[in-house]
Amino acid sequence: MRPLARKIVLPLTLTVIGAGVIVGYASQEADTSSRGSGSLRSGFGKSGQADHDPQDQDPSATAPADDGSAYTPRSTEQNARVGAIFEKDDTGDHFCTASVVQSPGRNMLITAAHCAFDTETGRPVEDLVFAPDYRDGKEPTGLWKVRKVVVDDRWAKSQDEDMDVAFLVLDSKDGKQIQDVLGGNTLGIDPGFDNDVKITGYPTSSETPISCHNRTTKFSDTQMRIQCTDFAGGTSGSPWLADYDPKSHTGTVIGVLGGHEGGGDEDDVSYAAYFGDEVADLYKRAQDEAEG
């Protein structure tokens, strides 16, 4: 039997992370309240431009089999927590994917570090905006501005694929935080390598998201692997969601598409860095920065 993932939920956040088993690691943060002109369109891993359109299935069809085949997901409360990332506004192409993760400030996203950190400038990307449940140019809750990017120092300095994870702190909108509007999924630490997950992401070539269901496998001691069709450029940062509870409408994010080869160099095979204590520590640091 695989070990149960350690779910980090709000009432237990400080207790779990402050238990003394997590070693602190340096992280790099940037306040992105001022606008910059840098572009992230490097196409690293599965960010940036895609090569072809995914083969969407009828969203009204019966529930998809757990075979790793991509389909167009319905617009639901669960799926609305996943969205496309743009630079500055939505006039350009979306190039990565992010999702809402629970936090005390109720204002946090999780994505891949290579989506939010510019290795050419050595700084987090400024002017990122998040469009949850983006479909065909429509944004049901509008655009949410990223105020702060938090990545681990090992990613910032050497693009360590085992720390290809970033937490994004959002500004409030109309007096509300994003979790107040959409809810959020919990963060799963030490989930084991064999998990039944749903992955949802936004290929740059498509104006609608795609999803797939399949089981994860172990690629290395620090990386997970999955077979899911058509996860091309733009799907970096897509959440790997396990243990979804239909009653609470909450699942557990146990990975984000990224890590090895930036998520993979084949559309039908993807990777994610394993969420261990280092990611839990980064999550805690992001919470501290969100309150600062």
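Everything numeric in this text was worked out from a predicted model, so none of it was measured.

To continue, consider the pattern of salt bridges. The tally for this structure, following the rule as stated, stands at eleven salt bridges. With its nearest N and O atoms 3.7 Å apart, the salt bridge here joins Arg81 to Glu77. Using a relative accessible area of 2% as the deciding quantity, one classes Arg81 as buried. Glu77 gets classed as partly exposed once you look at its relative accessible area, which sits at 44%. Across the pair Arg135 and Asp133 runs a salt bridge, and its minimum N-O distance is 3.2 Å.

In this section: the sheet that holds strand β14 (residues 217-220). One open sheet holds the three strands; their spatial order is β14-β15-β18, and the pairing between them is antiparallel. The open sheet is flanked by β14 and β18 (269-273), the only strands paired with a single partner. Within the sheet, the average angular offset between the axes of one strand and its neighbour, ignoring direction, is 35 degrees. Where strand β15 (residues 223-227) meets β18, five bridges bridge the pair, whose relative direction is antiparallel. By the bridge assignment, Arg225 is partnered in β18 with Tyr271.

We now examine the packing of aromatic side chains. As enumerated under the stated definition, the model contains five aromatic pairs in all. The ring of Phe193 has Lys218 lying over it, and the distance from NZ or CZ to the ring centre is 5.1 Å.

The rules behind these values
- Residues numbered from 1 in each chain as written.
- Predicted model: local features only at pLDDT ≥ 70, side-chain atom pairs only at ≥ 80, totals over all residues.
- Heavy atoms only, no water.
- Salt bridge = Lys/Arg side-chain N within 4 Å of Asp/Glu carboxyl O.
- Buried < 20%, exposed > 50% of the residue type's maximum accessible area, 1.4 Å probe, protein only.
- Pairing = 2+ DSSP bridges.
- Helix = DSSP H or I, 4+ residues; strand = E, 2+ residues; numbered from the N terminus.
- Axes fitted to C-alpha atoms, helices over the stretch in contact; angles between N-to-C directions.
- Phe/Tyr/Trp six-rings, centres within 6.5 Å; stacked < 30°, edge-to-face > 60°.
- Lys NZ or Arg CZ within 6 Å of the ring centre and 35° of its normal.

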